[in-house]
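An overview of the molecular structure
The primary structure of each chain is shown beneath.
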Amino acid sequence: MEIAPGVVHLPRCLSLEEQRILVDRCRALVDGDVPAYVPVVRGGGKMHVRMLCLGRHWNGQTYTYETTRSDFDQLPAPPLPDDFRTLAQQLARAAGMSLDPDLCILNYYDADGHMGLHQDKDESERSLAAGLPVVSVSLGDTARFLFGGLKRRDPVEARLLESGDAFVFGGPARLRYHGVSRIVPGSAPPEVGLTGRFNLTFRQYDV
Ligand SMILES: O=C(O)CCC(=O)C(=O)O
């Protein structure tokens with residue numbers, strides 16, 4: 001479903017079984033040897049998610065990507081699993097776009113989790129200029145997702161992202177502001193076995 005140029009929402013494109021398997025993988029990753037953590041961003045504010053970057057680490061102090069978590073514990077970013085990469089490629093294709101991701105930001109939201117309006121603009125200039133999309137996959141509790149324009153003050157549309165949904169934005173929409181105002185606690189399908197929400201955003205650092 002194209003909702004605007006370069007913006008495609010694919011509701012429930014993952015089966016419950018696919019969601020359950022992905023949730024188990026995400027849970028093992030965020031509680032693994034290189035665990036998810038709460039980033040402190042420039043200015044000293046704590047984010048309201050637990051974050052784990054795969055493939056490349058996003059440094060919340062410098063807003064750049066790096067191989068080790070120099071803003072936190074110096075551990076190397078775990079690799080992006082091949083099947084995650086394949087899934088994102090397929091979802092981009094289903095949305096009529098093309099992506100060969102080399103990184104994923106995996107966020108866990110508890111009932112109080114949220115994320116302020118921001119642009120995803122820390123990938124390379126070439127990747128942004130090419131409009132290579134961000135592929136977002138939602139699992140677990142529903143999120144009230146905010147999607148704005150290219151300027152922070154542009155009007156913002158609220159859209160519910162449910163478990164198993166993909167949301168893809170690229171081309172002219174690649175730098176549109178977005179965020180999550182709140183989570184709907186207890187809304188996850190029981191079959192996926194998750195309290196809270198995982199969100200995976202796949203990106204391609206360079207062309
Ligand atoms: O959780 C979401 O749906 C959005 C996540 C996001 O905006 C990000 O990781 O940059």
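Residues numbered from 1 in each chain as written. Predicted model: local features only at pLDDT ≥ 70, side-chain atom pairs only at ≥ 80, totals over all residues. Heavy atoms only, no water.

**A few points about a positive patch on the surface**
A cluster of like positive charges, contributed by Arg42, Lys121, Arg152 and Arg153, occupies part of the molecular surface. Take Lys121: its relative accessible area is 48%, and that puts it in the partly exposed class. (Patch = residues over 30% accessible without salt bridge, like charges linked within 9 Å, V, L, I, M, F, W, Y side chains within 5 Å. Areas by Shrake-Rupley, 256 points an atom, 1.4 Å probe, with all protein chains shown as cover. Salt bridge = Lys/Arg side-chain N within 4 Å of Asp/Glu carboxyl O. Lys, Arg positive; Asp, Glu negative; His and termini not counted. Charge placed at Lys NZ, Arg CZ, Asp CG, Glu CD. Buried < 20%, exposed > 50% of the residue type's maximum accessible area, 1.4 Å probe, protein only.)

**A short note on unusual backbone geometry**
Phi is positive for Arg12, close to 50 degrees, though the residue is something other than glycine. With respect to the helices and strands, the residue Arg12 is situated in the loop between strand S2 (7–10) and helix H1 (16–30). In this structure, Gln74 takes a positive phi of about 65 degrees despite not being glycine. Residue position: Gln74 is located in the loop between strand S5 (64–66) and helix H2 (82–94). (Helix = DSSP H or I, 4+ residues; strand = E, 2+ residues; numbered from the N terminus.)

**Digging into the site of the ligand**
Lining the immediate environment of the ligand, one finds Asn107, Tyr109, Met115, His118, Asp120, Phe145, His178, Val180, Arg197, Asn199, Thr201 and Arg203. Between the ligand and Tyr109, the relevant distance is 2.5 Å, taken from an oxygen atom to a side-chain nitrogen or oxygen of the residue. Asp120 is positioned such that a nitrogen or oxygen atom in its side chain is 3.1 Å from an oxygen atom of the ligand. Sorting the residues of the shell around the ligand by element identifies strand S6 (103–109), strand S7 (115–118), strand S12 (178–184) and strand S13 (197–203) as the ones contributing at least two each. In terms of residue count, the dominant contributor to the shell around the ligand is S13 (four residues). Classifying every residue of the shell around the ligand by side-chain character gives four nonpolar, five polar and three charged. (Near = heavy atom within 4 Å. Polar contact = N/O pair within 3.5 Å; in protein donor to acceptor, adjacent residues only side chain to side chain. Nonpolar A, V, L, I, M, F, W, Y, C, P; charged D, E, K, R; others polar.)

**Observations concerning the side chain of Arg69**
Here Arg69 shows up in the loop between S5 and H2. Setting aside anything within four residues of it in sequence, one finds Arg69 in contact with Val34, Pro35, Tyr37, Leu52, His57, Gln74 and Leu75. (Contact = heavy atoms within 4.5 Å.)

**Notes on the packing of H1 against H2**
Running from N to C, H1 and H2 cross one another at 130 degrees; their axes reach a closest spacing of 12 Å. Put simply, H1 runs oblique to H2. As H1 runs across H2, the sense of the crossing is left-handed. Across the interface between the two elements, Leu22, Arg25, Cys26 and Leu29 of H1 pack against Asp83, Phe84 and Leu87 of H2. Looking at the contact of H1 with H2 residue by residue, the classes come out as five nonpolar, no polar and two charged. (Axes fitted to C-alpha atoms, helices over the stretch in contact; angles between N-to-C directions. Parallel < 35°, antiparallel > 145°, perpendicular 65-115°, else oblique. Left-handed = near helix turned anticlockwise from the far one by under 90°.)

**Focus: H1**
Across its 15 residues, H1 extends 21 Å between first and last C-alpha, which sits within 8% of the 21 Å expected from 1.5 Å per residue. Three or more residues of H1 are buried, namely Gln19, Leu22, Val23, Cys26 and Val30. Looking straight down H1, one finds its buried side chains confined to an arc of 105 degrees; they lie on one side. Turning to H1, the residues buried within the fold contact strand S3 (50–54), H2, S6, strand S8 (134–140) and S13. (Expected span 1.5 Å × (residues − 1). Arc of directions from axis to C-beta.)

**Describing the sheet that holds strand S1 (residues 2–4)**
If you trace the seven strands from one edge of the open sheet to the other, you get S1-S2-S11-S8-S13-S6-S3, paired in antiparallel fashion. Among the strands making up the open sheet, the edge pair consists of S1 and S3. On average, adjacent strands in this sheet sit at an angle of 20 degrees to one another, irrespective of strand direction. When S1 meets S2, the two strands line up antiparallel, connected through two bridges. Note on S2: the bridge partner recorded for Ala4 is Val7. (Pairing = 2+ DSSP bridges.)

**Things to note about H2**
Spacing of three or four residues puts side chains on the same side of an α-helix, whose turn is 3.6 residues. Between its first and last C-alpha, H2 extends 18 Å over 13 residues, near the 18 Å set by a 1.5 Å rise per residue. When we look at burial in H2, the residues that qualify are Phe84, Leu87, Ala88, Gln89, Leu91 and Ala92. Where H2 is buried, its residues meet S2, H1, S3, S8, strand S11 (166–169) and S13. With its phi angle positive at about 80 degrees, Gly96 sits one or two positions after the end of H2.

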